[in-house]
Amino acid sequence: MNRPQSRFPLATFAFSLALGAQVALVGCTPGVNGLMPVQDGLDSRAQAARVTGLVLDESGKPLKGVLVSVRPALTTVAPLTTVAQLTTVAPLTTVAPFRARQVQSDSRTLTTDASGRFAVPDLGPGKYRLEAILDAGRKGVSGTISVPEKASEKVEIPAIRVKPTGSLVGKVSAPDAPQVTNLTGVSVYLPGFQYSARTDAKGHFRIDGIPEGEFDVVAEKDGLGMAVANGIGITSEMATMLSGFEMRQDVPIITRASREAVALGETIELEGRNFGASTGKPLTVYVGGQVLPTSTVTRVDDEHLVIVIPRTAQVGHLEIQVGTVRSNILSLRLLSHLIWSNDLDVVAVRVGTRITLPILGVDPVGNLVSDIPVTWSVDSPIATRTADGALEGVSPGQSTLHVSQAGLHADLPLVVVPEADRIVERVVGGGSNHSDSGAATQVALSFPEGIVWTPDGRLVIADGRSSSLRSWAEKLVTTLPVSFPDQPESSLGKPVGIGILPDGDLIFSDADSSVLYRMNPLTSEARLLAGKPGQPGFAEGIGSAARFHSPADLAVFPDGRVAVADEYNHAIRMIETDGTVHTLAGATESGFVDGTAVQARFNQPYDLVRGADGSVYVADQMNAAIRKISPDGQVSTLVGSPDVGSPGHIAATGLARPAGLLFDRHGDLWCTDYDQGKLRRIDLAQGKMWNVTMWSLFRDGGNVYLAPRTLSGPNQLARGEGDLMYVTEYDTGIVSRIR
């Protein structure tokens with residue numbers, strides 16, 4: 001495109017999965033003697049979600065090829081009074097060998113891709129922890145993550161940092177069995193992980209190779225009872241001393257609560273065992289360390305309690321004490337109020353479209369809590385509830401959406417716009433962060449051009465002037481380090497067009513170098529597909545024998561052929577599957593001529609899109625026209641004329657400088673108008689084109705407004721899930737979602 005030079009970055013958009021692979025660790029977790037997972041997250045019958053994340057080394061660089069193990073988080077363990085951190089610990093010489101036993105046989109293992117990312121598809125609702133394993137001495141672990149109950153949800157977890165491992169050493173005792181003096185063979189393990197040991201005769205144990213983080217620890221042996229400890233911190237290259245580890249009989253265990261997300265002041269029921277109703281032992285209930293008044297606790301029987309969550313609670317750590325013995329800790333998600341998940345606290349939808357309400361909770365200390373089950377109603381009939389619980393726009397207007405969860409309520413402005421209109425939201429760029437990765441709306445893009453939606457649900461963005469390819473997913477942007485193994489001296493210049501080949505490889509054009517590359521997304525290795533770096537020209541041939549002059553966008557055919565807009569050669573070129581390049585239409589002279597492929601002339605064609613019948617539609621930007629190349633090679637003008645300066649041009653066609661083209665799932669053709677900042681929709685069956693009215697939301701003081709939106713240098717388009725579209729706005733360096 002005849003604009004300032006630009007470049008762009010990508011980041012991880014394909015992943016290698018090896019489900020069921022085994023990882024060699026320091027033993028396996030033994031059975032948990034009745035301790036149950038919070039939820040059965042590996043139940044294939046449950047609704048599933050996609051969990052994604054990033055693995056980094058100590059310096060913050062992405063790590064490729066790291067094994068990531070997914071394990072259900074288990075409820076365990078009460079706090080101990082004495083836990084010391086030691087910088088060194090002498091090795092124990094009498095720890096008996098332990099043969100591992102697994103808690104879960106269907107845990108998953110996968111591998112990070114070239115930019116350190118991984119994706120876990122079809123993960124059932126529940127709580128999990130993820131472990132990253134580079135080798136036996138370098139590992140990392142996530143905190144507990146929650147997978148929502150809604151199907152098709154995506155969960156992006158914080159980055160996992162791999163560091164040298166640490167150790168856990170300690171000694172168990174059995175005060176309830178004073179006659180036992182030989183403590184050999186007590187099982188000590190970290191529930192949910194494959195780390196364990198057996199004690200020696202004096203009760204000593206040592207577990208090595210544990211990643212830095214917080215873990216629960218359990219010790220158990222038939223006849224001696226159980227000891228549980230939660231939140232034991234392991235530090236890289238250090239040993240943690242666990243003392244006061246006393247095994248008790250009849251330890252109270254909380255297995256579940258009637259609600260996991262709980263409003264302050266709400267009444268819930270607890271299930272478990274050994275609650276002390278039959279023994280009459282005193283019962284104390286703690287929420288976040290706060291003792292509940294006896295008036296808010298009802299001990300139904302040995303397996304059921306009913307409690308009221310105090311309104312002053314700050315943390316949802318729930319535990320009970322029967323007599324002098326404490327239970328495990330069950331983590332609840334406390335809610336103080338509800339919010340809408342976007343920055344403006346307003347709900348906007350088009351007539352005839354539906355959205356799932358992404359309501360978030362806020363806990364007492366201000367942290368966001370996701371996956372909150374809510375009920376809702378609308379003051380007026382401008383929207384309705386669908387059978388699956390979504391909100392659907394019925395008629396244009398404004399109203400109030402009333403949302404509630406338990407004892408919490410939120411009133412949100414609701415805006416419904418006409419069906420033909422579109423709502424525009426910034427999703428990437430516009431910030432001041434010039435690093436390779438970061439929060440999507442805080443990063444700075446530099447003249448973004450090409451964009452593509454990948455099969456795994458990512459946007460790959462050609463960020464022109466930064467000479468990089470960027471990837472956006474779950475509000476996070478990362479950059480893929482592109483390498484050229486066949487041409488080590490090469491570097492990425494100005495990538496413009498992007499596509500996905502049938503085999504999953506990425507294909508992109510480099511306008512500065514006048515070449516096209518294909519890249520393996522797992523290795524980030526780019527190999528020359530056509531053209532000669534730094535040698536612009538016009539020539540047909542195979543691979544590097546061909547010549548291009550500033551190739552722009554491209555269109556991939558199902559059979560692997562690729563049509564290319566050869567911008568400064570004023571031609572449309574075709575790359576066959578064997579690498580042969582030939583001219584589809586046009587020549588090196590600019591012009592505006594319809595007819596056969598040889599007769600046709602273009603003027604700086606920029607964007608391409610393939611039609612359902614195999615035709616190629618061309619954004620002939622400097623002719624202010626959209627052209628069509630039929631499968632038989634005939635070129636015709638769909639809309640527009642070259643008379644850009646004539647008084648009747650805009651009124652006649654409404655098109656000034658077409659830049660991006662896209663077919664939606666209904667068969668309509670969409671076009672961005674770079675000079676006018678507009679979006680056009682073309683109904684090919686009716687032969688009509690419309691300007692699309694666009695809206696954006698903004699806040700002024702305490703009020704939220706709906707305002708007309710003009711795009712700033714709208715460039716290329718990408719089709720996302722359903723009816724969603726994405727557009728790069730070249731002039732302001734952002735990517736916007738259109739819905």
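Residues numbered from 1 in each chain as written. Predicted model: local features only at pLDDT ≥ 70, side-chain atom pairs only at ≥ 80, totals over all residues. Heavy atoms only, no water.

Draft legend 1. Spotlight on the pairing of strand β2 (residues 49–56). The buried fraction of β2 amounts to eight of the eight residues, a majority that puts the element mostly inside the structure. In β2, alternate side chains face the same way, and those of A49, V51, G53 and V55 on one face and R50, T52, L54 and L56 on the other are all buried. Where β2 meets strand β6 (residues 117–123), five bridges bridge the pair, whose relative direction is antiparallel. Paired with V51 across the two strands is V120, which belongs to β6. Relative to strand β11 (residues 160–161), β2 runs parallel, the two being bridged by two bridges. Along β11, the bridge assignment pairs V55 with I160. (Buried < 20%, exposed > 50% of the residue type's maximum accessible area, 1.4 Å probe, protein only. Helix = DSSP H or I, 4+ residues; strand = E, 2+ residues; numbered from the N terminus. Pairing = 2+ DSSP bridges.)

Draft legend 2. The environment of A563, seen in detail. The residue A563 is located in strand β53 (residues 562–566) in this model. For the pair A563 and L608, spaced 45 residues apart in sequence, the C-alpha to C-alpha distance is 7.7 Å. Aside from chain neighbours lying at most four places away, what touches A563 is D553, L554, A555, F557, R573, M574 and L608. (Contact = heavy atoms within 4.5 Å.)

Draft legend 3. Representation of the packing of aromatic side chains. According to the stated counting rule, one finds 10 aromatic pairs in the structure shown. The interplanar angle of 10 degrees and the centroid separation of 5.4 Å between the aromatic rings of W453 and Y726 together place this pair among those described as stacked. Of this pair, W453 sits in strand β43 (residues 448–453) while Y726 sits in strand β67 (residues 725–729), and the two are 273 residues apart along the sequence. A relative accessible area of 2% places Y726 in the buried class. With 6.1 Å between their ring centres and 70 degrees between their planes, Y674 and Y730 make a pair best called edge-to-face. Taken together, the residues Y674 in the loop between β61 (669–673) and β62 (678–683) and Y730 in the loop between β67 and β68 (734–738) connect sequence positions 56 residues apart. The burial state of Y674 is the same as that of Y730; both residues are buried. (Phe/Tyr/Trp six-rings, centres within 6.5 Å; stacked < 30°, edge-to-face > 60°.)

Draft legend 4. Broad picture of the nonpolar core. L168, V188, L190 and F245 are the most contacted members of the largest nonpolar core, which has 26 residues in total. Listed by contribution, the elements that provide at least two residues to this core are β13 (166–173), β16 (204–210), β17 (213–221), β18 (225–234) and β19 (239–246). Per-element accounting of this core gives the leading share, four residues, to β18. Each residue touching L168, except ones within four places of it in the same chain, is listed here: L190, F205, R206, I207, I210, V217, I232, I234, T240 and L242. (Core = buried A, V, L, I, M, F, W, Y, C linked by side-chain atoms within 4.5 Å.)

Draft legend 5. Structural context of the sheet that holds strand β56 (residues 605–610). The sheet built from four strands is open, its strands ordered β56-β57-β58-β59 with antiparallel pairing. On the outer flanks of this sheet lie β56 and β59 (635–640), each paired with one strand and no other. Recorded for the sheet is a direction-independent mean angle of 25 degrees between the axes of neighbouring strands. Two elements, strand β57 (residues 616–620) and strand β58 (residues 625–629), share five bridges in a ladder whose sense is antiparallel. (Axes fitted to C-alpha atoms, helices over the stretch in contact; angles between N-to-C directions.)

Draft legend 6. Quick look at the sheet that holds strand β36 (residues 375–378). With mixed pairing, the four strands of this open sheet are ordered in space as β32-β40-β39-β36. Each edge of the open sheet carries a strand with a single partner, namely β32 (347–350) and β36. Across the sheet, the mean angle separating the axes of adjacent strands is 30 degrees when strand polarity is ignored. With four bridges joining them, β36 and strand β39 (residues 397–405) adopt antiparallel strand pairing. Residue pairing for β39: S377 is matched across the bridge by H402.

Draft legend 7. Spatial organisation of the confidence of the model for the protein chain. Mean pLDDT over the protein chain works out to 82, with 85% of the residues at or above the 70 mark. Across residues 75–106 the pLDDT falls below 50, and counting only partners more than four positions away or on other chains, this stretch makes 98 contacts in the model. For residues 644–652, every residue scores under 50 in pLDDT, and the model assigns this stretch 12 contacts once sequence neighbours within four places are set aside. (pLDDT = per-residue confidence, 0-100.)

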